[in-house]
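Listed here are the chains, written in short residue letters.
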Amino acid sequence: MSLRSRLAVLFGLVALVASVLVGEFSYRTTSDELEATTDRFLEARASETGQALRDLVTDLRDGSGSDGRQGPSRQDRFEDGLPVADDDAIIQVTGANGVVLTSSATLPSTANSEALRVLRPGRGSETVVRFDDVTLDGESYRMVSRALPQGGVIQVARSTEEDEALRAALVRRFALISALVAVAAAAVGWLIATRVTAPLRRLTVVAGQVAETRDFTTEVGEDDRGDEIGTLATSFATMLDALE
């Protein structure tokens, strides 16, 4: 392999490694942000459900029934204070005894949800939540479990199918960008190597002519350069003068 080819390959490899590292960092950053966004959404839904349940308990204790405090943002997700089917999340409430009180779809019991179901943190205590990655009917979901003050747990799950599709698209895009950057860098490396090695190729031609013709008066050239190639040309010319 010629020096030009080696330099071109080296440029391409360096660019490929750099672009892969940047792509990996960008992918992880984006992936973490997607997961954080999903977790914030799930926590908000769980908090909203907890508030609706507290409102329902207060209404039942006062004997006033549901007073419609779910608010406009929760109108479609709650009925009589209890969660119903939701377009963007599955909500399930399980009592301290393990009986599912209400659910818009069946969510699995996990070690985290079971631990929180029997925790009974009490009113006024810090909110306790745990996250799990679960599978429902072959589809991946992110799920949060939130302990209820007097026992029981709220579980809210959201499909991660869209997030996974976005991650896959990012991988394809970063792979394409890395390949294009590597090819472009290799081309630039080839051009630079061609320019840098041109004097060496001319010296090679001169050396071949001298070997073939035995003419030690052949003009070497390149001896006016102030770099290593100029030094080599000067030394070669000096050698020819000595042989002459």
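Please refer to the structure placed before this passage.
Read on for a plain summary of the structure. (Residues numbered from 1 in each chain as written. Predicted model: local features only at pLDDT ≥ 70, side-chain atom pairs only at ≥ 80, totals over all residues. Heavy atoms only, no water.)

1. Observations concerning the packing of aromatic side chains
So, step 1. One pass over the full model with this rule turns up 0 aromatic pairs.
So, step 2. Lying across the ring of Phe41, Arg158 places its NZ or CZ 4.1 Å from the centre. (Phe/Tyr/Trp six-rings, centres within 6.5 Å; stacked < 30°, edge-to-face > 60°. Lys NZ or Arg CZ within 6 Å of the ring centre and 35° of its normal.)

2. Here's the deal with the pairing of strand 7 (residues 153–159)
So, step 1. Among the 7 residues of strand 7, 5 are classified as buried, and the element is accordingly described as predominantly covered.
So, step 2. One ladder, built from 5 bridges, connects strand 3 (residues 90–94) with strand 7; its direction is antiparallel. When the bridges of strand 7 are listed, Thr94 appears paired with Val153.
So, step 3. In the sheet, strand 6 (residues 139–147) pairs with strand 7 via 7 bridges, with the strands oriented antiparallel. Each residue of the ladder has a partner; that of Arg142, found in strand 7, is Arg158.
So, step 4. Where strand 6 folds back on strand 7, the antiparallel hairpin that results is connected by 5 residues, among which Gly151 adopts a positive phi of roughly 105 degrees. (Buried < 20%, exposed > 50% of the residue type's maximum accessible area, 1.4 Å probe, protein only. Helix = DSSP H or I, 4+ residues; strand = E, 2+ residues; numbered from the N terminus. Pairing = 2+ DSSP bridges.)

3. Regarding the nonpolar core
So, step 1. Formed by Phe41, Leu42, Ala46, Leu53, Ala89, Ile91, Val93, Val144, Leu148, Ile154 and Val156, the largest nonpolar core amounts to 11 residues.
So, step 2. Considering every element that reaches this core, the biggest residue donor is helix 1 (residues 3–62), with 4 residues.
So, step 3. Membership of the second largest hydrophobic core comes to 9 residues, among which are Leu203, Val206, Ile229 and Leu240. (Core = buried A, V, L, I, M, F, W, Y, C linked by side-chain atoms within 4.5 Å.)

4. Considerations on helix 4 (residues 228–243)
So, step 1. In this model helix 4 runs 23 Å from its N-terminal to its C-terminal C-alpha over 16 residues, within 8% of the 22 Å that 1.5 Å per residue would give.
So, step 2. Within the span of helix 4, buried status applies to Ile229, Gly230, Ala233, Phe236, Ala237 and Leu240. The buried residues of helix 4 occupy an angular sector of 125 degrees when projected down its axis, which confines them to one face. Among the exposed residues of helix 4, those pointing more than 90 degrees away from its buried face are Glu228 and Ala242.
So, step 3. Buried residues along helix 4 sit against helix 3 (161–213). (Expected span 1.5 Å × (residues − 1). Arc of directions from axis to C-beta. Contact = heavy atoms within 4.5 Å.)

5. Describing the pattern of salt bridges
So, step 1. As enumerated under the stated definition, the model contains 7 salt bridges in all.
So, step 2. Residue Glu35 pairs with Arg142 through a salt bridge whose shortest N-O separation is 3.5 Å. Of this pair, Glu35 sits in helix 1 while Arg142 sits in strand 6; the two residues are 107 residues apart in sequence, bridging distant segments of the chain.
So, step 3. Looking at Arg142, the relative accessible area reads 10%, which means it is buried.
So, step 4. The network of salt bridges with common partners includes Glu35, Asp39, Asp133 and Arg142. (Salt bridge = Lys/Arg side-chain N within 4 Å of Asp/Glu carboxyl O.)

6. Brief notes about the sheet that holds strand 6
So, step 1. Taken in spatial order, the 5 strands of this open sheet run 4-3-7-6-5, and their pairing is antiparallel. Edge positions in the sheet fall to strand 4 (100–103) and strand 5 (129–136), since each of these pairs with one other strand and no more. Across the sheet, the axes of successive neighbouring strands diverge by a mean angle of 20 degrees, strand direction being ignored. (Axes fitted to C-alpha atoms, helices over the stretch in contact; angles between N-to-C directions.)

Scope: geometric values only; no functional claims are made or implied.
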